[in-house]
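# Analysis of the macromolecular model
Below are the chains, spelled out letter by letter.
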Amino acid sequence: MDLVQMQKSLQDYTKSLFLEGILDSQFLQLQQLQDESNPDFVSQVVTLFFQDSDRILNDLSLSLGQQVVDFKKVDPHVHQLKGSSSSIGAQRVKNACVVFRNFCEQQNVEACHRCLQQVKQEYYLVKNRLETLFKLEQQIVASGGMIPAVELGF
Amino acid sequence: MGMETESQFHVLAVDDSLFDRKMIERLLQKSSCQVTTVDSGSKALEFLGLRVDDEDPNVLSTSPHIHQEVEINLIITDYCMPGMTGYDLLKKVKESAAFKSIPVVIMSSENVPARISRCLEEGAEEFFLKPVKLADLTKLKPHMMKTKLKKESEKPAKEEESEISKPGIEEEEAVIEILPLHQELESEQLETMVSSSSNKRKAMEEVISTDRSRPKYNDITTSV
């Protein structure tokens, strides 16, 4: 693929993430914070997000797997995940966390198990998509090109 | 006077989450602020130079060992933190004679009206909902300007008259420095002086309109 094609692919790919609701405008805010002085900002925070989330999901699995579920432990984790996914623009993860928290409040263990599965699903989806996005960017940069600005004309 | 190079605003950001600290730090840097981040309320107080008495945490004293070199123009803190919450930190700052003039802004991912009003009543200047956006940070300038205003009042008066007659003063700092400090300012005074963008004017008016007491000026010797 030549450079122009790669850049077009990246733009189309990014647009699709917005159209599918996987990312929301907060992701654009992140991109605004990236500049020559901080050229890797987005991938840095996203990496932090992945690290945090992997840990949180693990803790959640453990907490919900207990004989007696301690919701005082579960809720703060979901709260944190909701916060960071919201800051990244991972809309579907955030929404799944909102539902999750409601069931935490109701102390509904069954529903919380289902919520955890849902959150995990959305999380792996956005993780996968963002990793692909970064790969596309890296390919462009490696070929000496610039990352095109996202134009959301829809 | 070297307006541009003169001290940038320095913000102290407090958040227990590394992720959030990284975000707020970048947001503030992008808004041309110098940033120091700490991960707890107690560290924030330490940084300011307030020593928390181990026996009685309600007693705050200025630590004799820390010579406070850094001038903090604003504290921005997360609300939900283990140990000392953002609200607790706000209270401690406002209770301290040395630091109560530092504007404090609270951030929270939860939109709880009771929480918001409590913080504002305790003296928080703003309450930002997370995720905080670049646009939110433009609200900080007027609050940070106020501290510069107060600091300048402690310096001896300079050649103020000549400063005023300079046309098209862009820098708000220049305008503020020449006006006598602890006086509240009538907005029309400012409007004539601030010739630049409507943004700045709005910021000025916001400063005026949010002031709780608005005594009429009487001693202002400057003229336009």
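Positions within a chain are numbered from 1, following the residues in the order the chain's sequence is written. To label them, take the chains in the order written and letter them from A, then take the ligands in the order written and number them from 1. At least 70 in pLDDT is required for a residue's local features to be given in this predicted model, at least 80 for side-chain atom pairs to be given and counted, and no such filter applies to totals for whole chains, interfaces and linings, which use all residues. No hydrogens and no water enter the side-chain calculation; it runs on all heavy atoms of the structure.

So, about the sheet that holds strand β2 (residues 34-38) of chain B. In sheet architecture, strand pairing relies on hydrogen bonds along the backbone and comes in two forms, parallel and antiparallel. Residue and element names in this part refer to chain B. If you trace the five strands from one edge of the open sheet to the other, you get β2-β1-β5-β6-β7, paired in parallel fashion. Across the chains shown, the open sheet's two edge strands, defined by having one partner strand only, are β2 and β7 (126-129). The sheet shows a mean angle of 20° between the axes of neighbouring strands, direction not considered. By this definition, two strands are paired if DSSP reports at least two bridges between them. For helices the rule is a DSSP run of H or I covering at least 4 residues; for strands it is a run of E covering at least 2, with both sets numbered from the N terminus onward. For strand β5 (residues 74-78) and strand β6 (residues 104-108), the ladder comprises four bridges, and the chain directions are parallel. Counterpart to isoleucine 75 in the pairing with β6 is valine 104. Against the sheet, helix α1 (residues 18-30) touches β1 (10-14), β2, β5 and β6, its axis set at about 165° to β2. In this description, contact between two residues means that some pair of their heavy atoms is separated by no more than 4.5 Å. To get an axis, a line is fitted to the C-alpha atoms, and for a helix only the part in contact is used. The angle between two axes follows their N-to-C directions and goes from 0 to 180 degrees. Along the sheet, helix α4 (residues 113-121) contacts β6 and β7; its crossing angle with β7, the most-contacted strand, is approximately 150°.

By size, the foremost hydrophobic cluster in this structure holds 64 residues, and its most contacted members are A:Val74, A:Phe100, A:Leu130, B:Leu28 and B:Ile76. The residues contacting A:Val74, other than those within four sequence positions of it, are A:Leu60, A:Ser63, A:Leu64, A:Val69, A:Phe100 and A:Cys104. B:Leu48, B:Met81, B:Leu89 and B:Leu90 belong to the second largest nonpolar core, which has 24 residues in total. Only buried Ala, Val, Leu, Ile, Met, Phe, Trp, Tyr and Cys residues count toward a nonpolar core, and they belong to the same one when joined by side-chain atoms within 4.5 Å. Only protein chains enter the calculation, and the probe is 1.4 Å; a residue is then buried if its accessible area is under 20% of its type maximum, exposed if over 50%, and partly exposed in between.

Before going further, it helps to spend a moment on the interface of chain A and chain B. Taken residue by residue, the interface counts 21 residues in chain A and 15 residues in chain B. By definition, a salt bridge exists where a carboxyl oxygen of Asp or Glu is found within 4 Å of a side-chain nitrogen of Lys or Arg. Along the contact surface separating chain A from chain B lie three salt bridges. Contributing elements (two or more residues each) for the side of chain A that touches chain B: α2 (25-32), α3 (41-64) and α4 (71-88) of chain A. Classification convention: Asp, Glu, Lys, Arg as charged; Ala, Val, Leu, Ile, Met, Phe, Trp, Tyr, Cys, Pro as nonpolar; all other residues, Gly among them, as polar. Of the residues contributing to the side of chain A that touches chain B, the split by class is seven nonpolar, ten polar and four charged.

Our focus in this paragraph is unusual backbone geometry. The peptide bond linking B:Lys130 to B:Pro131 adopts the cis configuration, its omega dihedral lying at 0°. Mapped onto the secondary structure, B:Pro131 falls in the loop between β7 and α5 (134-137). Phi angles above zero are rare outside glycine, and A:Gln107 is one such case at about 55°. Relative to the assigned elements, A:Gln107 resides in the loop between α5 (91-105) and α6 (109-142). A relative accessible area of 53% places A:Gln107 in the exposed class. A positive phi angle is found at B:Ser32, which is not glycine, with a value near 65°. Note that B:Ser32 resides in the loop between α1 and β2.

Bringing the pairing of β1(B) into the picture now. Residue and element names in this part refer to chain B. By the criterion of burial, β1 is predominantly enclosed, with five of the five residues buried. Summarising the sheet, β1 and β2 pair through five bridges and their orientation is parallel. In the sheet register, valine 11 faces β2, and the bridge partner there is valine 35. Assignment of crossover handedness uses the view with strands pointing away from the viewer, where a clockwise path from the first strand over the helix to the second indicates a right-handed crossover. Crossover β1 to β2 through α1 is right-handed. Bridge count between β1 and β5: four bridges; the pairing is parallel. Among the inter-strand pairings, alanine 13 is bridged to a residue of β5, identified as isoleucine 76.

All right, on to the packing of aromatic side chains then. All names here are of chain A. Side-chain rings of Phe, Tyr and Trp (the six-membered ring for Trp) are treated as a pair once their centres are within 6.5 Å; stacked means planes under 30 degrees apart, edge-to-face means over 60, and tilted covers the remaining angles. If you walk through the whole model with that rule in mind, you get five aromatic pairs over all chains. Here phenylalanine 49 and phenylalanine 50 contribute two aromatic rings whose centre-to-centre distance is 6.0 Å and whose plane-to-plane angle is 45°, an arrangement assigned as tilted. The burial state of phenylalanine 49 is the same as that of phenylalanine 50; both residues are buried. Aromatic ring contacts, followed pair by pair, group Phe49, Phe50, Tyr123 and Tyr124 into a single cluster. Only when the NZ of Lys or the CZ of Arg is both within 6 Å of the ring centre and within 35 degrees of the ring normal is a charge said to sit over the ring. Its guanidinium or amino end placed over the ring of phenylalanine 50, lysine 127 lies 5.5 Å from that ring's centre, counting from NZ or CZ.

Coordinates in, geometry out; function isn't part of it.
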